[in-house]
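# Architecture at a glance
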Amino acid sequence: MDVTTKAVVLKSTDFKESDKYVLLYSLEYGKISVHARGVRKNSAKLKFAVDQFCFGQYELAQSKDRFTLKTCEQLESFFCLREDIIAYYSACVIAECLTLYTEEGQSDPPVFVETLKALQALCGSQHPLAVTLRFMLAFFDLQGIKLQLNACVACGEPSSRLFLDLQRGGLVCDNCRTADSIRVSPRSIAICQMLCDMPYEKLSNVNVSLDILKDALGLCNKYISHSYYPLKSLSELIKLA
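Residues numbered from 1 in each chain as written. Predicted model: local features only at pLDDT ≥ 70, side-chain atom pairs only at ≥ 80, totals over all residues. Heavy atoms only, no water.

### As for the overall build of the chain
For the record, the criterion: Only DSSP runs of H or I covering at least 4 residues are called helices, and only runs of E covering at least 2 are called strands; the numbering of each starts at the N terminus. Taken over C-alpha atoms, the radius of gyration is set against a globule rule of 2.2 Å times the number of residues to the power 0.38. A 1.4 Å probe rolled over the protein chains alone gives each residue an accessible area, and that area as a share of the maximum for its type sets the label: buried under 20%, exposed over 50%, partly exposed in between. The contact rule is simple, with two residues in contact once any of their heavy atoms fall within 4.5 Å.
In terms of helices and strands, the chain carries 6 helices and 8 strands. Put simply, the chain runs from its N terminus to its C terminus through helices and strands in the order β-β-β-β-β-α-α-α-β-β-β-α-α-α. Computed over the C-alpha atoms, the radius of gyration of the chain is 20 Å, within 12% of the 18 Å expected from 2.2 N^0.38 for a compact globule of 241 residues. With the principal axes as the frame, the chain shows a C-alpha extent of 65 × 35 × 30 Å. Taken across its 241 residues, the chain has 49% of its residues classed as buried. Restricting to contacts in the chain with at least 6 residues of sequence separation, those with at least 24 account for 57%.

### Some points on the sheet that holds strand β3 (residues 30-36)
Put simply, the test is: Between any two strands, pairing holds if DSSP finds at least two bridges. Simply put, an axis is a line fit to the C-alpha atoms, just over the touching stretch for a helix, and the angle between two N-to-C directions goes from 0 to 180 degrees.
If you walk around this closed barrel you meet the 5 strands as β1-β2-β3-β5-β4, and the pairing is mixed. Adjacent strand axes in the sheet meet at a mean angle of 50 degrees when their direction is disregarded. In this fold helix α1 (residues 85-101) packs onto β1 (2-15), β2 (19-26) and β3, with an angle of close to 100 degrees to the strand it touches most, β1. In the packing of helix α2 (residues 109-122) onto the sheet, contacts are made with β1, β2, β4 (55-63) and β5 (66-76), and the angle to β1 comes to roughly 60 degrees.

### Some words on the state of the cysteines
Between two cysteines, a covalent bond joining their sulfur atoms is known as a disulfide. Cut-off, in case you're wondering: What counts as a disulfide here is a pair of cysteine sulfur atoms lying within 2.5 Å.
For the coordinates displayed, the defined rule picks out 1 disulfide. Each sulfur in the disulfide pair C80 and C123 lies 2.1 Å from the other. In this pair, C80 sits in the loop between β5 and α1 while C123 sits in the loop between α2 and α3 (128-142), placing the two residues 43 residues apart along the sequence. Of the residues examined, C123 reaches a relative accessible area of 30% and is grouped as partly exposed. The cysteine C92 is free of any disulfide, with C97 supplying the nearest cysteine sulfur at 11 Å. Residue classification places C92 among the buried residues on the basis of a relative accessible area of 13%.

### Looking at the packing of α3 against helix α5 (residues 210-227)
For the record, the criterion: Under this scheme an angle from 65 to 115 degrees is roughly perpendicular, one under 35 degrees roughly parallel, and one over 145 degrees roughly antiparallel; angles in between are oblique. Take the far helix as your reference; a near helix turned counterclockwise from it by less than a right angle gives a left-handed crossing, and one turned clockwise gives a right-handed crossing.
The N-to-C vectors of α3 and α5 enclose an angle of 30 degrees; their axes lie 10 Å apart at closest approach. With respect to each other, α3 and α5 are oriented roughly parallel. Where α3 crosses over α5, the two elements pack in a sense that is left-handed. Of α5, the residues touching α3 (which contributes L129, A130, T132, L133, M136, L137 and F140) are L210, L213, K214, A216, L217, C220, Y223 and I224.

### Structural notes on helix α6 (residues 232-240)
The cut-off we apply is this: As used here, the arc belongs to the directions running from the helix axis to the C-beta atoms.
Those residues of α6 that fall on the buried side of the exposure criterion are S233, L234, L237 and I238. The buried residues of α6 occupy an angular sector of 140 degrees when projected down its axis, which confines them to one face. What points out from α6, more than 90 degrees from its buried face, is the exposed set K232 and K239. For α6, the secondary structure elements touched by its buried residues are α1, α3 and α5.

As structure tokens, this is what we get:
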């Protein structure tokens with residue numbers, strides 16, 4: 001059976017002499033692995049279809065839970081991401097989130113749309129770290145693990161002294177913190193609160209220091225690492241920026 005789906009390439013792996021296995025994040029099927037035959041040959045017409053971050057309309061042959069690439073119409077290459085190392089690593093954070101934290105074969109249109117908006121923003125004039133932070137906060141929310149940042153998750157009261165409780169998934173006040181709670185900068189929390197609902201096209205209007213963005217991203221990485229896996233690409237992005 002043949003199926004057609006819009007999808008973004010997350011990563012690809014060499015297989016045999018001239019094939020690749022491609023991990024796609026698709027609108028209709030979520031994360032799927034696709035066998036792309038012969039795409040490493042010099043004469044291959046579908047080389048572009050396995051490039052990381054290629055966005056296209058993919059036609060696939062499906063046999064049970066296995067997919068094989070037939071054709072692809074490229075809709076957007078996101079080639080500009082290869083021209084800026086910070087933008088590239090920001091895009092890698094997005095790809096790694098989808099790779100590590102989404103289930104195989106489960107469609108999630110809001111996550112798909114959020115991914116495209118973030119990649120398009122990285123190719124625009126927006127700051128890559130602001131785009132990454134905006135995506136991660138939205139991704140947490142869409143995955144049902146929203147980082148609670150508006151008040152203490154234990155008592156509901158605001159506080160001038162802020163701590164992040166990884167177990168409870170948000171901020172706690174001075175009275176509710178535990179020995180494991182992490183002291184956080186009010187400025188880092190403020191930028192997270194500001195960006196969480198801001199449209200990507202307006203991120204260029206945000207005036208915030210690089211250190212604050214890096215600190216806020218570091219908090220996101222600590223949060224996701226507590227329950228799941230650390231994002232290697234995010235650690236590299238923070239070092240490079």
